[in-house]
Amino acid sequence: MSAPLPSRLLPLPSKPPPPPHSPATSAATLLHFPPDRSYAAPWRLSRFKCSAGETGFFTKLGRLIKEKAKSDVEKIFSGFSKTRDNLAVIDELLLYWNLSDTDRVLDELEEALLVADFGPRITIKIVESLRDDIYAGKLKTGSEIKDALKKSILNLLTAKGLKTELQLGFRKPAVIMVVGVNGGGKTTSLGKLANRLKKEGTKVLLAAGDTFRAAASDQLEIWAERTDCEIVVAEKENAKASSVLSQAVKRAKEEGFDVVLCDTSGRLHTNYSLMEELIACKKAIGKVVKGTPNEILQVLDGTTGLNMLPQAREFNEVVGVTGLILTKLDGSARGGCVVSVVDELGIPVKFVGVGEGVEDLQPFDAEAFVNAIFP
Ligand SMILES: Nc1nc2c(ncn2[C@@H]2O[C@H](COP(=O)(O)OP(=O)(O)OP(=O)(O)O)[C@@H](O)[C@H]2O)c(=O)[nH]1
Ligand SMILES: [Mg+2]
């Protein structure tokens, strides 16, 4: 006999579902989009195509969330306080800088950047370019050196032209899968992301794809309640993650959800069979809505510093990571790893986690980041 369905796991509708957006919460209303005509008879459509307005909806949504980051400077500032404290030594060094002291000061600057996990390659690149400019007479004061330092970090972060906005495609539902090693902050980040999307009037469905740990879906249910989102959880024990996720995307398609956020279990990047399971999840999602998942966001624990690089490489090779979420930067003095990750992997950092609260996921903004670590 099969176990009863958990209360929040609703079966697919046998009759027409209600319209997807109530006027009060509709993203289309908030962002002035035309009504979704394709929704008139969704149970008869095999595919939900977006109207031009909806295409704009997802593009605007990504941009809007990013723009909000700029107004959240204080949060970013406090989130990076440990890194900032760690780098404060640079300010002191530059305050008393004079030309004859250049080599000693640059040695100490190099050390401070290495301790903050900028990584050896970037650190040497930055320091040598400062040295050249100082000896060429282009930088004459401590504050000019600091400005040049900030500018070169900003250039490193923006040079590759990576898109830091969420890329949610053109069709409903957009699907975001969150992946990574154990305990990095996947479920928490997913909950915080749900909160951000929900605030923009997006209809979000959570999918409890971590079927490995019994407590994992309870944890996601708490986030569902906190963010007032619907959730799909496994119907029975030992359910396959791929089937839970595909069921969630099916439901989202039938009921006009805008975005599905898929949680997955933590796995070591060296565990071959668990990495295979991730491929199965990705395929199962893509079978329900072609072209999804739109985003595969890998969560990296900021406190692990440069150790995150091999993890990211492996996950990227197996499933194709489209963006990174760097978490726990509030607890780490090594925020420089953000720069190493972008430079070494060529994958954009899309969000940074700066605390455990629901508001503590910040869209990544390179300029705000540089100003937060070098005020
Ligand atoms: N300080 C801080 N803590 C965080 C942040 N993100 C997550 N955490 C904490 O990290 C711990 C692990 O977070 P989870 O979201 O459960 O991590 P997970 O990757 O889903 O873990 P598994 O599902 O076991 O693989 C929790 O105690 C979170 O509160 C962050 O940005 N800052
Ligand atoms: Mg989890």
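Residues numbered from 1 in each chain as written. Chains lettered and ligands numbered in written order. Predicted model: local features only at pLDDT ≥ 70, side-chain atom pairs only at ≥ 80, totals over all residues.

### Focus on the packing of helix α10 (residues 241–255) against helix α11 (residues 272–288)
Between α10 and α11, whose axes approach to 8 Å, the crossing angle comes to 20°. Taken as axis vectors, α10 and α11 run roughly parallel relative to one another. The element α10 and its partner α11 pack so that their crossing is right-handed. Side by side, α10 and α11 meet where A241, S242, S243, L245, S246, V249, K250 and K253 of the first sit next to E277, A280, C281, A284, I285, K287 and V288 of the second. Considered class by class, the residues forming the contact of α10 with α11 number 8 nonpolar, 3 polar and 4 charged. (Axes fitted to C-alpha atoms, helices over the stretch in contact; angles between N-to-C directions. Helix = DSSP H or I, 4+ residues; strand = E, 2+ residues; numbered from the N terminus. Parallel < 35°, antiparallel > 145°, perpendicular 65-115°, else oblique. Left-handed = near helix turned anticlockwise from the far one by under 90°. Contact = placed C-beta atoms within 7 Å. Nonpolar A, V, L, I, M, F, W, Y, C, P; charged D, E, K, R; others polar.)

### A few points about the packing of helix α8 (residues 186–199) against helix α9 (residues 214–227)
With their axes 10 Å apart at the nearest point, α8 and α9 run at an angle of 20° to one another. Looking at the two axes, α8 sits roughly parallel to α9. As for how α8 packs across α9, the hand of that crossing is right-handed. Counting all contacts with α8, which are made through T187, G191, A194, N195 and K198, the residues of α9 involved are A216, Q219, L220, W223, R226 and T227. Grouping the amino acids of the contact of α8 with α9 by side-chain chemistry returns 4 nonpolar, 5 polar and 2 charged.

### Observations concerning the UniProt feature "domain: SRP54-type proteins GTP-binding" (unreviewed entry) in the protein chain
Listed under "domain: SRP54-type proteins GTP-binding" (unreviewed entry) in the UniProt record, and renumbered for this structure, are residues 348–361. For residues 348–361, helix accounts for 0% and strand for 43%, while the C-alpha atoms at its two ends are 16 Å apart. (UniProt positions renumbered as here; feature names shortened; annotations may be inferred.)

### Description of the site of ligand 1
Surrounding ligand 1, one finds 22 residues, the nearest of these being G185, T187, T188, G266 and G353. Sorting elements by how many residues they give to the shell around ligand 1 places α8 first, with 3 residues. Within the shell around ligand 1, the residues separate by chemical class into 3 nonpolar, 13 polar and 6 charged. (Near = placed C-beta within 6 Å.)

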